[in-house]
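Residues per chain are reported as follows:
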Amino acid sequence: MKTLAAVLYEMGRPAPYRESRPLSVEEVELEGPGPGEVLVEVAAAGLCHSDLSVIDGSRPRPMPMVLGHEAAGIVREVGPGVHELRPGDHVVFSFVPMCGRCFYCAIGRPVLCENGNRANAAGTLLSGARRFRNAAGEPLHHHLGVSAFSRFTVAAQESLIRIDPEIPLEKAALFGCAVMTGVGAVVNTARVEPGMSVAVFGLGGVGLSVVMGAHLAGAYPIIAVDVRPEKLELARKAGATHGVNAQETDPVAAIRDLTGGGVHYAFESVGSERVLIQAYQATRRGGTTIPIGLPHPERMFSVPAVSIVGEERTIKGSYMGSAVPRRDLPRFLALYQAGRLPVDLLLSRLIRLEEINEGFDALARGEVVRQVVRLGAA
């Protein structure tokens with residue numbers, strides 16, 4: 001079948017993207033689902049910094065590729081061996097397809113799935129297949145088993161979680177990355193307890209979701225850090241008790257002053273080794289630093305080694321919120337429906353697929369939290 005998709009042919013084209021046009025919006029050929037696979041009509045897909053990191057080359061992936069990984073849609077066809085999904089089901093995508101058989105899946109840490117991450121690195125589905133081809137017949141890679149910037153896509157059944165059809169799909173899409181990563185980092189990775197102090201560095205979709213998760217967990221104080229006043233205001237609406245503008249104030253000094261020595265938990269969602277050092281410095285003795293943002297793979301950071309031992313500090317990475325998507329997505333969505341997670345705050349605007357390059361310009365400038373491409377299904 002034919003579908004309209006945004007294809008990245010080369011990484012590293014310079015900004016502004018409205019001029020360099022790294023994403024080519026074009027008609028491509030999509031094969032039907034194979035064994036264990038599902039054809040989904042994508043309703044909505046979020047623009048995330050993880051996509052931007054592929055565009056600018058800081059997160060290398062095989063080219064060419066149909067980009068996009070945070071999405072929701074409607075099942076239209078299932079392949080042989082698919083028993084839990086059927087046409088008409090509303091689904092959210094998980095950007096790590098979790099095989100259920102490897103060591104990490106067996107011990108309950110499926111975001112580290114060996115087979116899923118191997119397929120993601122290769123730009124294929126879990127089976128090793130590629131289902132997209134361009135007009136010249138050239139195979140196109142899948143982005144994280146999702147390839148959401150396409151009106152239709154094929155995904156492994158392990159990449160899909162059925163959801164309540166009453167939830168608007170443009171809101172449900174945000175749970176596939178921003179909410180699952182941010183809230184999950186609080187409740188799964190850090191396991192923040194009521195009354196514990198939290199600082200959140202960087203208030204994009206993931207950082208604001210951390211704020212929501214910290215508020216849900218009963219943390220106090222919740223200190224939000226960013227360089228844009230409008231994002232600090234959003235953070236207060238999401239549950240932050242204090243805001244620090246890092247362009248005007250030394251955030252480490254401000255946090256230490258507010259908390260009498262530092263926070264119990266500091267979350268870094270920028271993907272910067274410099275900010276990660278600040279987050280570490282903002283924790284108290286016995287504190288935990290949770291890096292969430294993905295820095296360039298060549299970047300390093302250093303902290304005083306003695307402080308890890310002498311002050312019992314912890315640095316604990318969190319990928320996709322240490323989530324078990326089949327467990328966590330339904331409960332996070334239920335909390336949203338109950339008014340406990342104000343996810344609507346994340347949605348900056350809806351855009352068309354043809355506006356996607358301009359959308360990534362806005363994201364790179366930090367002007368927006370989450371833009372959502374409205375695609376096929378309503």
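Refer to the structure presented above.
Note that the structure is a prediction, hence the values are computed from the model and not measured. (Residues numbered from 1 in each chain as written. Predicted model: local features only at pLDDT ≥ 70, side-chain atom pairs only at ≥ 80, totals over all residues. Heavy atoms only, no water.)

Peer 1: Which residues make up the overall build of the chain, and what values go with them?
Peer 2: Assigned secondary structure in the chain consists of 13 helices and 18 strands. Over its C-alpha atoms the chain spans a radius of gyration of 20 Å, differing by no more than 12% from the 21 Å that the globule rule assigns to 378 residues. Counting only C-alpha atoms and orienting by the principal axes, one finds that the chain spans roughly 60 × 45 × 40 Å. Classification of the 378 residues of the chain by burial places 57% in the buried group. The contacts in the chain between residues at least 6 apart in sequence include a share of 71% that link residues at least 24 apart. (Helix = DSSP H or I, 4+ residues; strand = E, 2+ residues; numbered from the N terminus. Rg over C-alpha atoms; globule rule 2.2 N^0.38 Å. Buried < 20%, exposed > 50% of the residue type's maximum accessible area, 1.4 Å probe, protein only. Contact = heavy atoms within 4.5 Å.)

Peer 1: Before we move on, could you go through the layout of surface pockets and cite the residues and values that matter?
Peer 2: A volume near 340 Å³ is recorded for the second largest pocket. Gly108, Arg109, Asn188, Thr189 and Ser322 are, among the 17 residues lining the second largest pocket, the residues nearest its centre. Here the lining of the second largest pocket takes three residues from helix α6 (residues 178-190), the largest share from any one element. Considered class by class, the residues forming the lining of the second largest pocket number seven nonpolar, six polar and four charged. (1 Å grid on protein atoms, 1.4 Å probe; cavity = no way out; pocket = protein on both sides within 12 Å on 5 of 7 lines; lining within 4 Å. Points joined across faces, edges and corners; volume = space filled by probe spheres on them. Nonpolar A, V, L, I, M, F, W, Y, C, P; charged D, E, K, R; others polar.)

Peer 1: Provide a residue-level description of the sheet that holds strand β8 (residues 139-142), including the pertinent values.
Peer 2: Strand order in this closed barrel of five strands is β1-β2-β7-β8-β4, and the pairing throughout is mixed. Of the strand pairs in this sheet, strand β1 (residues 2-8) and strand β2 (residues 23-30) are connected by seven bridges, and their pairing is antiparallel. If you follow Ala5 over to β2, its bridge partner there is Glu26. (Pairing = 2+ DSSP bridges.)

Peer 1: So what about the packing of α6 against helix α12 (residues 325-337)? Which residues, and what values?
Peer 2: Between α6 and α12, the shortest axis-to-axis distance is 11 Å and the interhelical angle comes to 100°. With respect to α12, the element α6 is oriented roughly perpendicular. Residues Val179, Met180, Val183, Gly184, Val187 and Asn188 of α6 form the contact with α12, whose participating residues are Pro325, Arg327, Asp328, Leu329, Arg331 and Phe332. Broken down by class, the residue content of the contact of α6 with α12 amounts to seven nonpolar, two polar and three charged. (Axes fitted to C-alpha atoms, helices over the stretch in contact; angles between N-to-C directions. Parallel < 35°, antiparallel > 145°, perpendicular 65-115°, else oblique.)

Peer 1: Help me get a handle on α6, residues and values and all.
Peer 2: The end-to-end C-alpha distance of α6 is 17 Å, a good match for the 18 Å that 13 residues give at a rise of 1.5 Å each. Where α6 bends most, at Gly184, the angle is about 45°. Burial analysis of α6 places 12 of its 13 residues in the buried class, which makes it a mostly covered element. Those residues of α6 that sit buried are Ala178, Val179, Met180, Thr181, Gly182, Val183, Gly184, Ala185, Val186, Asn188, Thr189 and Ala190. Among the residues trailing α6, Arg191 stands out with phi positive, at a value near 55°. (Expected span 1.5 Å × (residues − 1). Bend = angle between axes of the 7 residues up to and from the residue.)

Peer 1: Break down α12 for me, citing the residues and quoting the values.
Peer 2: Given a rise of 1.5 Å per residue, 13 residues ought to cover 18 Å, and the 18 Å separating the end C-alpha atoms of α12 matches this to within 8%. Taken together, the buried positions of α12 are Pro325, Asp328, Leu329, Phe332, Leu333 and Tyr336. When α12 is viewed along its axis, its buried side chains cluster within an angular range of 125° and face the same direction. Close packing links the buried residues of α12 with β6 (90-93), β10 (160-162), α5 (169-172) and α6. Following α12 by one or two positions, Gly339 has its phi on the positive side, about 80°. (Arc of directions from axis to C-beta.)

Peer 1: Explain a nonpolar patch on the surface to me, and be specific about the residues and the numbers.
Peer 2: Taken together, the side chains of Phe301, Ile308, Val309 and Ile315 define a hydrophobic patch exposed on the protein surface, amounting to about 340 Å² of accessible area. Taking the relative accessible area as the measure of exposure, Phe301 reaches 34% and is therefore partly exposed. (Patch = residues over 30% accessible without salt bridge, like charges linked within 9 Å, V, L, I, M, F, W, Y side chains within 5 Å. Areas by Shrake-Rupley, 256 points an atom, 1.4 Å probe, with all protein chains shown as cover. Salt bridge = Lys/Arg side-chain N within 4 Å of Asp/Glu carboxyl O.)

Peer 1: Any details on the sheet that holds strand β11 (residues 198-201)? Residues and values, ideally.
Peer 2: Ordered in space as β13-β12-β11-β14-β15-β16, the six strands form an open sheet in which the pairing is parallel. At either margin of the open sheet sits one strand with a lone partner, and together these are β13 (242-245) and β16 (314-315). The pairing of strand β14 (residues 263-268) with strand β15 (residues 283-291) spans five bridges and is parallel. Looking across to β15, one finds that Glu268 is bridged to Pro291. Its contacts with the sheet put helix α8 (residues 229-238) on β12 (222-226) and β13, and the angle it makes with β13 is roughly 165°. The sheet strands contacting helix α10 (residues 273-281) are β11, β14, β15 and β16, and the helix crosses β15 at an angle near 150°.

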